[in-house]
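# Topology and contacts: notes
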Amino acid sequence: MQATKPRYLFTSERLGFRNWYTEDITPMYLDINSDKEVMRYFPYIPNLDQTTAFITRMQQQFDEKHYCYFAVDLLDTQSFIGFIGLSEQTYLPMLSPFVDIGWRLAKEHWGYGYATEGAKSCLVYGFEQLRLSEIYAVAPLINQASIRVMQKIGMQFQQQFAHPMLLEYPHLEKCALYCKTYST
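In this report, we go over the structure that sits alongside the text. (Residues numbered from 1 in each chain as written. Predicted model: local features only at pLDDT ≥ 70, side-chain atom pairs only at ≥ 80, totals over all residues. Heavy atoms only, no water.)

### Some words on unusual backbone geometry
Across the junction of Ser 96 and Pro 97, the peptide omega takes the value -10°, indicating a cis bond. Note on placement: Pro 97 falls in the loop between strand S4 (79-89) and strand S5 (98-105). A positive phi angle, near 70°, is found at His 66, a position not held by glycine. Within the secondary structure, His 66 is located in the loop between helix H2 (48-65) and strand S3 (69-74). Of note in the backbone geometry, Gln 78 takes a positive phi value of approximately 55° without being a glycine. (Helix = DSSP H or I, 4+ residues; strand = E, 2+ residues; numbered from the N terminus.)

Set out below in structure tokens:
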């Protein structure tokens, strides 16, 4: 029996944002984290245990902070398509801790503007509901699709840097840092 989905924390025109369910583990692992094209700008393909640990970490972060990389559903079908959301990060000493906005969607949902639409809604949630003063985004320079999303949602380039967690991956280590500051 499938669990009844609760009301979404917030929605955009086509997307619903929520905390994670245990039943999200399998599609997150099989449809997203196991897809080499989806994961091409990451240092490794997460296994099932790593995917489960990620979802558990997001559930805990949501319980503690009222945000995480949210599980995202298409509203018209209530089908899970990946994540878009906010997460606390500590890997940049100059900002630590900071709130990052990020996304990872199943490949079949690329090209429809979901990442941009969802990220805009997450910025509104972060600024208006959580009262955050700034939100950052990071992507390897070679990930131009994510950098375009950052630009479309009004983030400003801050600097290029060598990502401390990607130093063993020369093709990924050069990253762009973007920021959006709350404005009334």
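Right, picking up where we left off after that structure.
### Observations concerning the packing of aromatic side chains
In this description, a pair of aromatic rings is defined by centroid distance and the angle of the planes. In this structure the tally under the stated criterion is 17 aromatic pairs. Pairing Phe 62 with Phe 70 gives two aromatic rings, centres 6.3 Å apart and planes at 75°, and the pair type is edge-to-face. You can call Phe 62 buried: its relative accessible area is 17%. Ring geometry for Tyr 69 against Phe 83: centres 5.0 Å apart, planes inclined by 25°, an arrangement best described as stacked. In this pair, Tyr 69 sits in strand S3 while Phe 83 sits in strand S4, placing the two residues 14 residues apart along the sequence. Phe 83 carries the same exposure label as Tyr 69, and that label is buried. Here the aromatic cluster, defined as three or more aromatic residues joined through ring pairs, consists of Phe 10, Phe 17, Phe 62, Phe 70 and Tyr 125. The ring of Phe 42 has Arg 104 sitting right over it, with the charged end atom 4.4 Å from the ring centre. (Phe/Tyr/Trp six-rings, centres within 6.5 Å; stacked < 30°, edge-to-face > 60°. Buried < 20%, exposed > 50% of the residue type's maximum accessible area, 1.4 Å probe, protein only. Lys NZ or Arg CZ within 6 Å of the ring centre and 35° of its normal.)

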